[in-house]
Amino acid sequence: MTERTPVLTSRLPTVGTTIFSVMSALAAKHGAVNLGQGFPDFDCDSALVDAVHQAMRAGHNQYPPMPGVPALRQAVATKIEAASARRYCPDNEITITAGATQAILTAILAIVHPGDEVIVLDPCYDSYVPNIALAGGKAVRVPLTPGSFRPDFTKIAAAIGPRTRALIINSPHNPSASVWSEADMLALQELLAPTDVLLISDEVYEHMVYDGALHQSAARFAGLAARAFIVSSFGKTFHVTGWKVGTVAAPAPLTAEFRKVHQFNVFTVNTPMQHGLAAYLQDPTPWQQLPAFYQAKRDLFRQGLEGSRLKLLPSSGSYFQCVDISAVSDLSEADFCQWLTREIGVAAIPLSAFYGDGFDQRVVRFCYAKKDETLRAALARLRRL
Ligand SMILES: Cc1ncc(COP(=O)(O)O)c(C=O)c1O
């Protein structure tokens, strides 16, 4: 008998190892401070771990209800209402997901039919375009304005056609750290009003908006909320990226279709984490304090770079800081990141990795969701530039 593994025709032929894995491996190899991949190097609140432990001890270890533990959906509805003044019904408008990643894939699979178009704004998070391809859809890439990363509504309007099923937006934005203003959201609302285009609003950095600004959730705009899947992530909000628990809030008819896919995609999300999060959310202080917590890290990192030849771009939201490298090096963004990791000992991510066409504007991204001592160690090295 011969053993033969059949050769596959790839569903995602252009997808390889992500830049995040490549840079993390390189950082480990060279003992570099890893400001590449976007995750905290500090631990979460021990009260949250205790709450999960308690849930496990209390026997919450079997399948929960398919859309999520009711107490958590209730707590999420309360939190959204506090932050955005919109009441979503926990029974039929909020679903607990295995992180934002599953939320976005499931939303896309629920709404995109083969041949449909979905508009994404470049640079964008790396899962969107492969997700659209898996649904048999076509990603239509519209660039954000280079430099400012502002949405260009003329370009977005021009991209909308008869096959456009949805638009994906992301504010606060990974990788650029820009945030959409109220005027931006109002302009989008007006643009989409005469259309049947759905909105996927990736708001995983919702609590990382700085300098007193308000996060402009799609939930705050009736015309957007009526057509939106609003995606959030406890991984980002509570420093537990490895737990992979997120949420989707959407009007009942959209949630009904979402749950049809969710049911056969993951069915349920791990039970003790949901109970632990539900208990922890009874106190709003942790998420209310998050902007001040991350703003202090942003300021520490920016002040530390002020004397260097790296030109700081604004960091209005998220936990990323982009810098222009053109005064320091002639290398491409990708080559610069490799060089920086090897020779200076700090890992960063090239912005070109977030573009469909590899557009290189001489800008790289650092993540400042790190202990102050990690940031200081990186700054001591970066100041050599
Ligand atoms: C913009 C954006 N969306 C979604 C995700 C995924 O979130 P989760 O870890 O909850 O799946 C990330 C994580 O880096 C992100 O930056």
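Residues numbered from 1 in each chain as written. Predicted model: local features only at pLDDT ≥ 70, side-chain atom pairs only at ≥ 80, totals over all residues. Heavy atoms only, no water.

Visitor: Looking at this model, I keep getting lost on the site of the ligand. Mind explaining?
Guide: Within the structure, the ligand sits among Gly-99, Ala-100, Thr-101, Tyr-125, Asn-170, Asn-174, Asp-202, Val-204, Tyr-205, Ser-233, Lys-236 and Lys-244. One nitrogen or oxygen atom from the side chain of Tyr-205 is found 2.6 Å from an oxygen atom belonging to the ligand. Between the ligand and Lys-244, the relevant distance is 2.6 Å, taken from an oxygen atom to a side-chain nitrogen or oxygen of the residue. Protein chains bury 93% of the 400 Å² of accessible surface belonging to the ligand in isolation. Per element, the largest residue contribution to the shell around the ligand is three residues, and it comes from helix α4 (residues 99-111). Per-class residue counts for the shell around the ligand are four nonpolar, five polar and three charged. (Near = heavy atom within 4 Å. Polar contact = N/O pair within 3.5 Å; in protein donor to acceptor, adjacent residues only side chain to side chain. Areas by Shrake-Rupley, 256 points an atom, 1.4 Å probe, with all protein chains shown as cover. Helix = DSSP H or I, 4+ residues; strand = E, 2+ residues; numbered from the N terminus. Nonpolar A, V, L, I, M, F, W, Y, C, P; charged D, E, K, R; others polar.)

Visitor: Please clarify how the pairing of strand β7 (residues 228-233) should be interpreted in this entry.
Guide: Successive residues of a regular strand alternate their side chains across the two faces of the sheet. The buried fraction of β7 is high, at six of six residues. Because side chains alternate across β7, one face comprises the buried residues Ala-228, Ile-230 and Ser-232, and the other comprises Phe-229, Val-231 and Ser-233, equally buried. The sheet contact formed by strand β6 (residues 198-202) and β7 spans four bridges and is parallel. Bridging across to β7, Asp-202 finds its partner in Val-231. (Buried < 20%, exposed > 50% of the residue type's maximum accessible area, 1.4 Å probe, protein only. Pairing = 2+ DSSP bridges.)

Visitor: Explanation requested: the pattern of salt bridges in the structure shown.
Guide: It is possible for side chains bearing opposite charge to pair when their charged atoms get close. Enumeration according to the criterion identifies 12 salt bridges in this entry. The closest approach of N and O atoms between Lys-79 and Glu-206, which form a salt bridge, is 3.4 Å. On the criterion of sequence distance, the pair formed by Lys-79 in helix α3 (residues 70-84) and Glu-206 in the loop between β6 and α8 (222-225) is long-range, its members being 127 residues apart. In this structure, Lys-79 and Glu-206 share a single accessibility class: buried. Residues Lys-297 and Asp-372 are paired through a salt bridge, measuring 2.8 Å at the closest nitrogen-oxygen approach. With Lys-297 in helix α13 (residues 290-305) and Asp-372 in helix α15 (residues 372-382), this residue pair connects regions lying 75 residues apart in the sequence. Residue classification places Lys-297 among the buried residues on the basis of a relative accessible area of 8%. With a relative accessible area of 33%, Asp-372 lands in the partly exposed category. Salt bridges sharing common partners tie together Asp-116, Arg-163 and Arg-165. (Salt bridge = Lys/Arg side-chain N within 4 Å of Asp/Glu carboxyl O.)

Visitor: Looking at this structure, I do not really get the domain arrangement of the protein. What am I missing?
Guide: Often, the extent of an interface is quoted as the loss of accessible area on bringing the components together. The domains assigned to the protein are domain 1 (19-44 + 288-382) and domain 2 (46-286). Taken together, the contact between domain 1 and domain 2 spans 31 residues of the former and 32 residues of the latter. Roughly 2800 Å² is buried in total at the junction of domain 1 and domain 2, and carbon and sulfur atoms are behind 60% of that figure. On the domain 1 side of the interface with domain 2, the three residues burying the most area are Cys-44, Leu-290 and Phe-354, jointly 23% of the side's total. On inspection of domain 1 and its partner domain 2, the count reaches one salt bridge. Here Arg-298 ties to Asp-211 by a salt bridge, and the two come within 2.8 Å at their closest N and O atoms. Viewed at the interface, domain 2 and domain 1 are joined by 18 residue pairs in polar contact (both at pLDDT 80 or more). Secondary structure elements with two or more residues in the side of domain 1 that touches domain 2: α13 and β10 (320-324). It is α13 that provides the largest number of residues to the side of domain 1 that touches domain 2, a total of six residues. When grouped by side-chain class, the residues that make up the side of domain 1 that touches domain 2 number 19 nonpolar, 10 polar and two charged. (Domains from an automatic or database assignment. Contact = heavy atoms within 4.5 Å. Buried area = accessible area lost by both parts, 1.4 Å probe.)

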